[in-house]
Amino acid sequence: MALNNIKCFILDMDGTFYLGDRLLPGAMEFIDFLKATGRDYLFLTNNSSKSAAFYADKIRRMGLNDITGDKVFTSGQATAIYLKKQNKGRRIFLVGTQYLRQELEGYGLVVVDDEPDFVVVGFDTTLTYDKLWQACDFIREGVTYIATHPDLNCPVEGGVMPDCGAIIAFIEASTGKRPFIVGKPYGEIIKCIFEKTGLGPQQLAIVGDRLYTDIQTGINGGITSILVLTGETTVDDLEHSSVKPDYVVDGIGDIIKLV
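Summarised in this report is the structure supplied together with it. Keep in mind that this is a model prediction, so the values were computed, not measured.

### What about helix α3 (residues 75–86)?
Link 1 in the chain: A rise of 1.5 Å per residue sets the reference length of α3, with its 12 residues, at 16 Å; its end C-alpha atoms lie 17 Å apart and thus fit the reference within 8%.
Link 2 in the chain: In terms of burial, α3 is largely enclosed, as nine of its 12 residues are buried.
Link 3 in the chain: Along α3, the residues that are buried comprise Ser75, Gly76, Gln77, Ala78, Thr79, Ala80, Ile81, Tyr82 and Leu83.

What follows is the structure, encoded as structure tokens:
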């Protein structure tokens, strides 16, 4: 798969473009290269507890001064695009944060407390027992059940915190039901990016540091995948994994040599 045909690089963030609160070596050089050669980029995150604007502001503070919210795509936005394509109504019972609510409402969806067309579960750091209870009741009644992403835990300084997948597990224990999942590593999020960008599979590549999310997303979505070794995955992990990227580079700046 030739990278010179790629018009837009889909970029994971933490471990790929930055680490914690600092840009990784080569990150800005890569963005400058894309701009100079008429290519584009789109940051992609599974974290539906925050909005695209939140992440754009975070990256702007690190030094990418001209980034705007439309250069970030969240699993929450992908979920909104998916829901709008279903033509089953726009009423959502939400297990999610205010950020996720705003993203759904930005696509014309309506968050309600009763008679929903969908139950949507995200990474809800404002979770209450009442929300879980009501969501389980609706799901048992047969309301279509969607989740933004499957991550069990979210890395934080000093450890991890329970993520959307842990909430999914709670609901499954109570109802026996599993959701349709939109986010990485499932291919639906790439279909949503096709729709957002107007580009096809031969024109997109995904760059990330995790085999089982970023690289598997590329495989499931039928697009080129590039593994960077600045985050979670080690060379030993790669050798022992059945998930194989199309390209492997030490860091994001090294992609320039392949284009």
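### Digging into unusual backbone geometry
Link 1 in the chain: Looking along the chain, the bond that leaves Lys184 and enters Pro185 is cis, with omega of 10°.
Link 2 in the chain: Mapped onto the fold, Pro185 is located in the loop between β12 (180–181) and α7 (188–197).
Link 3 in the chain: You will see that Asn87, though not glycine, has its phi angle at about 55°, which is positive.
Link 4 in the chain: With respect to the helices, strands and loops of the structure, Asn87 is situated in the loop between α3 and β6 (91–95).
Link 5 in the chain: Positive phi is not limited to glycine here, since Glu115 has a value of about 50°.
Link 6 in the chain: As for its placement among the helices and strands, Glu115 is situated in the loop between β7 (110–111) and β8 (118–121).

### Some points on the packing of α3 against helix α4 (residues 98–106)
Link 1 in the chain: Two elements in contact, α3 and α4, have axes separated by 9 Å at closest approach and are oriented at 35°. Judged by the sense of rotation from one axis to the other, the crossing of α3 with α4 is right-handed. Listed contacts from α4 to Gly76, Gln77 and Ala80 of α3 are Leu100, Glu103 and Leu104.
Link 2 in the chain: The residue inventory of the contact of α3 with α4, partitioned by class, reads three nonpolar, two polar and one charged.

### Brief notes about the layout of surface pockets
Link 1 in the chain: Computed from the structure, the largest pocket encloses a volume of approximately 850 Å³.
Link 2 in the chain: Asp14, Asn47, Tyr55, Cys154 and Pro155 are, among the 35 residues lining the largest pocket, the residues nearest its centre.
Link 3 in the chain: A total of four residues in the lining of the largest pocket trace back to one element, the largest contributor, which is strand β10 (residues 153–156).
Link 4 in the chain: Residue composition of the lining of the largest pocket, grouped by class: 11 nonpolar, 11 polar and 13 charged.
Link 5 in the chain: Quantified by volume, the second largest pocket comes out at close to 150 Å³.

### A few points about the pattern of salt bridges
Link 1 in the chain: Across all of its chains, the model carries 16 salt bridges by this definition.
Link 2 in the chain: Asp57 serves as the salt-bridge partner of Arg60, at 3.3 Å between the closest nitrogen and oxygen. In this pair, Arg60 and Asp57 both sit in helix α2 (residues 52–62), three residues apart, roughly one turn of the helix.

### A look at the packing of aromatic side chains
Link 1 in the chain: Enumeration according to the criterion identifies eight aromatic pairs in this entry.
Link 2 in the chain: Every member of this aromatic cluster is reached through a ring pair, and the members are Phe17, Tyr41 and Phe43.
Link 3 in the chain: In this structure, Lys50 packs its charged tip against the face of Phe54, placed 5.3 Å from the ring centre.
Link 4 in the chain: For the cation-ring pair, Lys71 lies above Tyr41, with the distance from its terminal atom to the ring centre recorded as 5.3 Å.

### Some words on the packing of helix α5 (residues 129–140) against helix α6 (residues 164–175)
Link 1 in the chain: Between α5 and α6, whose axes approach to 10 Å, the crossing angle comes to 50°. Between α5 and α6, the interaxial angle falls into the category oblique. Two packed elements cross with a definite hand, and for α5 against α6 that hand is right-handed. Of α6, the residues touching α5 (which contributes Tyr129, Leu132, Cys136, Ile139 and Arg140) are Ile167, Phe170, Ile171, Ser174 and Thr175.
Link 2 in the chain: For the contact of α5 with α6, the per-class residue count stands at seven nonpolar, two polar and one charged.

### Digging into the nonpolar core
One recurring pattern in soluble globular proteins is that nonpolar side chains are buried together.
Link 1 in the chain: Formed by 30 residues in total, the largest nonpolar core has its most connected members in Phe9, Leu11, Phe17, Phe43 and Ile255.
Link 2 in the chain: Contributing elements (two or more residues each) for this core: β1 (8–11), α1 (27–36), β4 (40–45), α2, β13 (204–208) and β14 (224–228).
Link 3 in the chain: Among all residues touching Leu11, those that are not within four sequence positions of it are Phe17, Phe30, Ile31, Tyr41, Leu42, Phe43, Leu44, Val207 and Ile252.
Link 4 in the chain: Grouped together as the second largest cluster of nonpolar side chains are 28 residues, Ala80, Tyr82, Ile146 and Leu204 included.

About the cut-offs
- Residues numbered from 1 in each chain as written.
- Predicted model: local features only at pLDDT ≥ 70, side-chain atom pairs only at ≥ 80, totals over all residues.
- Heavy atoms only, no water.
- Helix = DSSP H or I, 4+ residues; strand = E, 2+ residues; numbered from the N terminus.
- Expected span 1.5 Å × (residues − 1).
- Buried < 20%, exposed > 50% of the residue type's maximum accessible area, 1.4 Å probe, protein only.
- Axes fitted to C-alpha atoms, helices over the stretch in contact; angles between N-to-C directions.
- Left-handed = near helix turned anticlockwise from the far one by under 90°.
- Contact = heavy atoms within 4.5 Å.
- Nonpolar A, V, L, I, M, F, W, Y, C, P; charged D, E, K, R; others polar.
- 1 Å grid on protein atoms, 1.4 Å probe; cavity = no way out; pocket = protein on both sides within 12 Å on 5 of 7 lines; lining within 4 Å.
- Points joined across faces, edges and corners; volume = space filled by probe spheres on them.
- Salt bridge = Lys/Arg side-chain N within 4 Å of Asp/Glu carboxyl O.
- Phe/Tyr/Trp six-rings, centres within 6.5 Å; stacked < 30°, edge-to-face > 60°.
- Lys NZ or Arg CZ within 6 Å of the ring centre and 35° of its normal.
- Parallel < 35°, antiparallel > 145°, perpendicular 65-115°, else oblique.
- Core = buried A, V, L, I, M, F, W, Y, C linked by side-chain atoms within 4.5 Å.

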